Amino acid sequence: MDTKLNLFVVLTLVSIQFLSTFPKAAINNVHIVYMGEKENEDPTLTKMFHSKMLSDLLGSKEAAKSSMLYSYKHGFSGFAARLTDSQAKEIEAFPGVVQVIPNQVHKFHTTRSWDFMGLNDHSTTNLLTKSNMGEGIIIGVIDSGVWPESESFNDRGMNLIPSHWKGICQEGQLFNSSNCNKKLIGARWFVKGILDQNQTPINISNGKDILSARDSSGHGTHTASIAAGNFVVNANYEGLAAGLARGGAPRAHLAVYKVCWSFGHGGCTDADLLKAFDKAIQDGVDILSVSIGLSIPLFSYADQRNSIAIGSFHATAKGITVACSAGNDGPTAMTVENTAPWIITVAATTIDRAFPTAITLGNNHTLWGQSVDTRMHNHGFTGITFSDRIALNDSNDSALGCKRGSLNATLAAGQIILCFSQSSTQNIFSAAISVAEAGGVGLIFAQYRSDGLESCHYIPCIKVDYEVGTQILSYIRKARYPIAKLGIPKTIIGKWVSPKVADFSGRGPSSISPIVLKPDIAAPGVDIIAAYIPFGAKKNSGFALLSGTSMSCPHIAGITALIKSVHKNWSPAAIRSALVTTASQKGTDRSNIAEEGSTPKVADPFDIGGGVVNPNRAIDPGLIYDIETNDYVNFLCGTGFSSKSVSGLTQTKANCTKNRLNELNLNLPSITIPYLKRKVTVSRKVTNVGPVESIYKAVVEAPQGIKMKVEPQILRFNKTTQIVPFKVTFFTTGKVYGDYRFGSLIWRDPKHTVTIPISIRAIFV
C-alpha cells in the first residue's frame, strides 16, 4: 500500500473512531432535509445555502460543518445532517423545506441469458450488432461497488470515454485511479449514512468491508458485469455454465456508485442512495441500474422516505433511464417494490439452462435433482438415511429440515442425509452446515418448487422436489441397508420449457398505487453467471451463479443501453414503452409463459408486466407511449397530492388545483383499473417511430366479463401527423366481481404488433 493510501486509511479510521467514541448524548440521528427544486444552477451557491440554513439552526458554522454529511446540489436540493428530533422538527418549518425524514436502510434484491434472448454477438441482424454493442453509452450501477480486476471490466476493444462524462475515479482503501479504464470509467463510494446509522466503526481488518468503491460482497460486481461486462472467454462456475461471458452492452462504459455495506446490520441508507443519484446525474450517466429496495409497506411516490423514487424521478427528468428490481418477496400478490411510474420495474424469470444431477439408489433406480456442487464427491455408493431417523431429540421436528444441532452425530457420520424443508425459510445451505457438522458426507434436500441454486461448499448437496424426495424416502424405508451415489452436475441447455417467472419474483398489483401496473417487464434472473469477487483459500474462477430480481434488473439496463445507442433522443418513457409493447408472452414451446409458485399457473401482467423482454423487437416497436416530466407532475396532482408536495418532489411550480390529470390517463404502456363500477373511459396517445406513412388497426382481447370499445379503431400517420390520441371505454357486464381479469389492446400494421397489457377489477355497485 502506498504512502498516500496509507495516510487515507489512517485518517479515515481516526474519523470513524472519533464518531464511534463521541459522547452518547451528543450523537444525533441522520435526517435528510429535502428541499426539492434548486434555487439556482450553481452547486456551490446551493451548498452555501444549505450550510447557512444549518448554521442558523445550530448556531455556528462550525456546528453546521460538523453536522452535515452530504449536500445534494445537482439533481435536486437538500442535505443530510445529524440532528436531534427537536432540531429536525424545527428545521422542517424553515422556508423552502419540503420534508425532513430520518435516514433508513434499504436491502439488496439479490452468459447464457443473452443468447437465450436472441442477442448473440455473431449475428448481423440483431440489436447487439445494430447498436454496436452499446458503444458510447454510460451505465451507472448503484450497488455494493466493483472488483475492478475482474476480466469482465477489461477495456479491450473499448472506444474513448464519452465527452459528456464528468465523473471521477475516487480513491480509497485498495482502490486508486489506475483501477479505472475505458470500460470502468468512474467509481464513487458513499458511507456517511450507513456509518451514522450503525454508530460503530467499520472493521476493515477482516475484509468484510473495504473503505472504497471496491466490492466486498460480490453483489455489485455481479450486477455491473451483467449490464455491461466485456467479453471473457472460458467463463464458468466450478466447471458449470462454461462459455463466453459478456454483459448486455459489452461496449458500453460503466460507472459504479457504492452505497451498500456489510458492517453492522448492513444495507444501503437513504442518505447514501440520494447522494449516489445526485452524483450520477452530475457525472453524466445515461442509464442507472438499481437492484435495491424497501420492504412492504411501501411509501408513496411523493413521500421523501422513498429515496429511490425521489432520486429516480430527478434522474428521469434529466433523461436518464432508471431500471430497478421488483423485489424477491414473491410469489405472494402485492409484493412488488420500486413501483414509481417513471421507473422500469423488472421481474425475474428462468432461462433454458439447468444443472441436472443424478442420484443413483442401491436398487439401481436413478432419480434427478439439481446441484452446482462439482467437488468433494467420493463417486461411490455410500449409506443414506432420513434425517428424522437420526434426530438428536425426538420431541420436535427440527431434524426433519436438518436444523443446526438437530442431528445425532454418531448416526450421521459417513452418511448421505435426506432432509425435508418444511417452510420457505429453511434453505439448503444451512442444512448442509448442519449435516457437515454432524459428520454427514452428502445432502439431498427436498423442498417445495423454488428457483435458484447455491453451492453448499462443505459437502455435495442436491436439491429435489417433494415428489423425488418422497421416492427416495420410500426406498430408505424399504431397504435393509440403503445406499446411494451422488452424481456430478451437468450443464444442459435448451431441454426445459422456459422462461418461467421465478417463484421469488415480486408480484403486483402495486400495494401503493394499483393504477400503475407493476412490474413493467421480466428478464432472466435465475442462476445467472457473471463476475464475482475472489473468495476461498483456492479463490474462485472469478464468476458466480446468483439468482434474484437483482440479476434481472441489469439485464434491462444493458438492453436499454443498446436501444439508447440506436435511438439517442428517446426518452426514458419511450424506451420503457418499446420494451413493454414488444415483450413476449410465449415460452420456448410456444405455450403461454407460466409462473412458479405454490400453485403454478399461466403468468399474468402482475407477474411479468408486458411480458418477457424481446430485445430484437424492442429496437423497432412501431409506436411508443411517451411521457413528459410534466405528465408525471399532473398525474401526482391527480392522485391527491398537494401542490407543495408535488412541487417539492418534481422541482416544478405545480398547481394541483388547476392542473390535475385523471390518474387513469397517465400515458403508460398499460391500462390498469382497480375499481370498475359500470363504465370507464381511458385516454392514451401513441407516437409513430416507424415508417412515416403508417396505418394501424386495433385488435382487442377483452378481459373476461368486460367489454371494450376503442375509438378510433384505425390510426393513420403521415408527415404532419405523428402523434395520435385514442380512447378505450370499458363496460362491466355485471356478472363478474372481485378478482382482476386480464386482456390486451394490440395495434397492428403489416410489420409491427404493439401490445399493452390490461388489468381490470370490476366491483359491485
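Every value quoted in this text rests on a predicted model; they were computed, and no experiment measured them.

Draft legend 1. Expanded view of the sheet that holds strand β32 (residues 623–624). Read from one edge of the open sheet, four strands run β32-β34-β38-β36, paired in antiparallel fashion. The open sheet has two edge strands with one neighbour each: β32 and β36 (706–711). As paired strands, strand β34 (residues 679–688) and strand β38 (residues 723–732) are joined by nine bridges and run antiparallel to one another. Its bridge partner lying in β38, valine 686 is registered against valine 724.

Draft legend 2. Expanded view of the UniProt feature "active site" (unreviewed entry) in the chain. The UniProt record marks Asp143, His219 and Ser550 with the feature "active site" (unreviewed entry), using the residue numbering of this structure. Over a stretch of 408 residues, the named residues converge on one spot in the fold, their C-alpha atoms separated by at most 9.8 Å. With respect to the helices and strands, the residue histidine 219 is situated in helix α8 (residues 219–228). Mapped onto the elements, serine 550 comes out in helix α14 (residues 549–566). Note on serine 550: relative accessible area 0%, which makes it buried.

Draft legend 3. Structural view of the pattern of salt bridges. Under the defined criterion, the tally for this structure stands at 15 salt bridges. Where arginine 82 meets aspartate 196, a salt bridge forms, and the shortest distance between an N and an O atom there is 2.4 Å. With a relative accessible area of 17%, arginine 82 lands in the buried category. Look at aspartate 196 and you get buried, because its relative accessible area is 5%. Here the salt bridges share partners, and the residues they tie into one network are Arg507, Glu595, Lys601, Asp604 and Asp607.

Draft legend 4. Highlighting the sheet that holds strand β4 (residues 99–102). If you trace the four strands from one edge of the open sheet to the other, you get β2-β3-β1-β4, paired in antiparallel fashion. Looking along the sheet, the strands with just one partner apiece sit at the ends: β2 (68–72) and β4. When the angles between neighbouring strand axes are averaged without regard to direction, this sheet yields 20°. Sheet strands touched by helix α2 (residues 43–58): β1 (29–36), β2 and β3 (77–83). Its angle to β3, the strand with the most contacts, is close to 35°. Its contacts with the sheet place helix α9 (residues 270–283) against β1, β2, β3 and β4, and it is angled at close to 35° to β2.

Draft legend 5. Representation of helix α12 (residues 428–437). Inspection of α12 places Ile428, Ala431, Ala432, Ile433, Ser434 and Val435 among the buried residues, and these make up the whole buried set. Contacts made by the buried residues of α12 are with β21 (416–420), β22 (442–446) and β23 (461–464). Where α12 begins, the side chain of asparagine 427 points an oxygen toward the backbone nitrogen of phenylalanine 429, at a separation of 3.1 Å. Taken from the residues just after α12, glycine 439 is the one with a positive phi, measuring 95°.

Draft legend 6. Layout of the pairing of strand β33 (residues 671–676). Among the six residues that make up β33, five are buried, leaving the element largely enclosed by the rest of the structure. Here four bridges tie β33 to strand β40 (residues 753–762), and the two strands are oriented parallel to one another. Along β40, the bridge assignment pairs threonine 672 with serine 759.

Draft legend 7. Spatial organisation of helix α15 (residues 572–581). Buried residues dominate α15, accounting for ten of its ten residues. Inspection of α15 places Pro572, Ala573, Ala574, Ile575, Arg576, Ser577, Ala578, Leu579, Val580 and Thr581 among the buried residues, and these make up the whole buried set.

Draft legend 8. Fine view of the state of the cysteines. Scanning the entire structure with this criterion turns up four disulfides. Put simply, cysteine 260 and cysteine 268 are joined by a disulfide, and their sulfur atoms are 2.1 Å apart. Of note, the bridge from cysteine 260 to cysteine 268 carries an S-S torsion of about 105° and is right-handed in sense. Overall, the relative accessible area of 3% leaves cysteine 260 in the buried class. The exposure class of cysteine 268 is buried, given its relative accessible area of 1%. Here cysteine 637 pairs with cysteine 656 through a disulfide, and the sulfurs are 2.0 Å apart. The chirality of the disulfide connecting cysteine 637 with cysteine 656 is left-handed, given an S-S dihedral of about -65°. With cysteine 637 in helix α18 (residues 629–638) and cysteine 656 in the loop between α19 (643–650) and β33, the pair connects residues that are 19 residues apart, well separated along the chain. A single burial state applies to cysteine 637 and to cysteine 656, both of which are buried. With no disulfide partner, cysteine 553 has as its closest neighbouring cysteine sulfur the one in cysteine 324, 5.9 Å distant.

Draft legend 9. Local environment of the packing of aromatic side chains. Going through the model one piece at a time under the given rule, you end up with 13 aromatic pairs. Every member of this aromatic cluster is reached through a ring pair, and the members are Tyr70, Tyr72 and Phe190. The positively charged end of arginine 214 is found above the aromatic ring belonging to tryptophan 147, 4.5 Å away from the centroid.

Draft legend 10. Representation of the side chain of lysine 183 within the structure. Structurally, lysine 183 is set in the loop between β6 (138–143) and β7 (184–189). There is no salt bridge for the buried lysine 183, and the closest opposite charge comes from aspartate 155, which lies 9.8 Å off by N-O distance. Polar contacts involving the side chain of lysine 183 include one to the main-chain carbonyl oxygen of proline 250, which spans 2.8 Å. At 2.6 Å, the side chain of lysine 183 and the backbone oxygen of alanine 252 are in polar contact.

Draft legend 11. Structural view of the pairing of strand β18 (residues 356–361). Counting buried positions over the six residues of β18 gives six, a clear majority of the element. Burial of the side chains of β18 extends over both faces: Pro356, Ala358 and Thr360 are buried on one face and Thr357, Ile359 and Leu361 on the other. Alignment of β18 against strand β19 (residues 366–370), held across five bridges, turns out to be antiparallel. Of the residues in β19, the one forming a bridge with threonine 357 is glycine 369. Turn length for the β18-β19 hairpin, with the two strands adjacent in sequence and antiparallel, is four residues, and the turn residue asparagine 364 shows positive phi of about 70°. Bridge analysis of β18 against strand β24 (residues 483–486) gives three bridges, and the strand direction is antiparallel. Residue pairing across strands places isoleucine 359 opposite leucine 486, the latter belonging to β24.

About the criteria used
Residues numbered from 1 in each chain as written. Predicted model: local features only at pLDDT ≥ 70, side-chain atom pairs only at ≥ 80, totals over all residues. Heavy atoms only, no water. Pairing = 2+ DSSP bridges. Helix = DSSP H or I, 4+ residues; strand = E, 2+ residues; numbered from the N terminus. UniProt positions renumbered as here; feature names shortened; annotations may be inferred. Buried < 20%, exposed > 50% of the residue type's maximum accessible area, 1.4 Å probe, protein only. Salt bridge = Lys/Arg side-chain N within 4 Å of Asp/Glu carboxyl O. Axes fitted to C-alpha atoms, helices over the stretch in contact; angles between N-to-C directions. Contact = heavy atoms within 4.5 Å. Polar contact = N/O pair within 3.5 Å; in protein donor to acceptor, adjacent residues only side chain to side chain. Disulfide = S-S within 2.5 Å. Phe/Tyr/Trp six-rings, centres within 6.5 Å; stacked < 30°, edge-to-face > 60°. Lys NZ or Arg CZ within 6 Å of the ring centre and 35° of its normal. Lys, Arg positive; Asp, Glu negative; His and termini not counted.

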